[in-house]
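Fold and contact review
Chain residues, written in single-letter form:
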Amino acid sequence: MRILALIAVFFVGTVAGNAIDRKSIFLDKMDGFEVFIERAAAQQNLQLELLEEAEHPDLKVMLGKKFKSVHAEVVYRKQTGRSELSRLTVVDIKTHKPILTYDFNMGMNDETKQRAADQFVAKLKKAIN
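Keep in mind it's a predicted model, so treat the numbers as computed, not measured.

Points about the nonpolar core
One finds Phe33, Ile37, Val61, Leu88, Phe120 and Leu124 to be the most contacted residues of the largest nonpolar core, which totals 22 residues. Counting residues per element, the ones that place at least two in this core are strand 1 (23-27), helix 2 (33-43), strand 3 (59-65), strand 4 (86-92), strand 5 (97-104) and helix 4 (110-128). Apart from residues no more than four positions distant in its own chain, valine 61 is found in contact with Ile25, Phe26, Leu27, Asp28, Met30, Leu88, Thr89, Val90 and Phe120.

Here it is as structure tokens:
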């Protein structure tokens, strides 16, 4: 019985310790792409709590375009042969500084979107650990 009590105390302490270390994150509206990120986060056991923006998260993820102008996009394609047009940016809410940017092609089908979300979450996991 004493062993079970010790295991229970250890388990509760471990869970409480993880809850304290966890950060919170808000996913901005991304025309449905946020669902793919949520799925990838769950599959990769990302230790972040998803919150609404009003609940004051630690981090915010926003989707935007990589280039501000068509000319910059054309120059980039000619120089690199690549065409990443979308950018996910993770911003620390307290400092307002980006902690991660991830450039990718959004793609038209769900498989491509999920692959991009999986790669983004893997990079985010490394950035916060």
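Continuing now.
Describing the pattern of salt bridges
On inspection of all chains with the given rule, the structure shows two salt bridges. One salt bridge in this structure joins glutamate 111 and arginine 115, with 3.7 Å as the shortest N-O distance. With glutamate 111 and arginine 115 both in helix 4 and four residues apart, the pair spans about one turn of that helix.

Things to note about the pairing of strand 1
Most of strand 1 sits out of view: four of its five residues are buried. Summarising the sheet, strand 1 and strand 2 (residues 48-50) pair through three bridges and their orientation is parallel. Pairing of lysine 23 across the sheet is with leucine 48, part of strand 2. Of the strand pairs in this sheet, strand 1 and strand 3 are connected by three bridges, and their pairing is parallel. Paired with leucine 27 across the bridge in strand 3 is valine 61.

Some remarks on the side chain of glutamate 34
As for its placement among the helices and strands, glutamate 34 is situated in helix 2. Lacking a salt bridge, the buried glutamate 34 has lysine 29 as its closest oppositely charged neighbour, with an N-O distance of 4.9 Å. Among all residues touching glutamate 34, those that are not within four sequence positions of it are Leu27, Asp28 and Lys29.

Focus: unusual backbone geometry
The phi angle at aspartate 31 is positive, at roughly 55°, despite the residue not being glycine. When its relative accessible area of 83% is taken as the criterion, aspartate 31 is described as exposed.

Cut-off values and rules
Residues numbered from 1 in each chain as written. Predicted model: local features only at pLDDT ≥ 70, side-chain atom pairs only at ≥ 80, totals over all residues. Heavy atoms only, no water. Core = buried A, V, L, I, M, F, W, Y, C linked by side-chain atoms within 4.5 Å. Buried < 20%, exposed > 50% of the residue type's maximum accessible area, 1.4 Å probe, protein only. Helix = DSSP H or I, 4+ residues; strand = E, 2+ residues; numbered from the N terminus. Contact = heavy atoms within 4.5 Å. Salt bridge = Lys/Arg side-chain N within 4 Å of Asp/Glu carboxyl O. Pairing = 2+ DSSP bridges. Lys, Arg positive; Asp, Glu negative; His and termini not counted.

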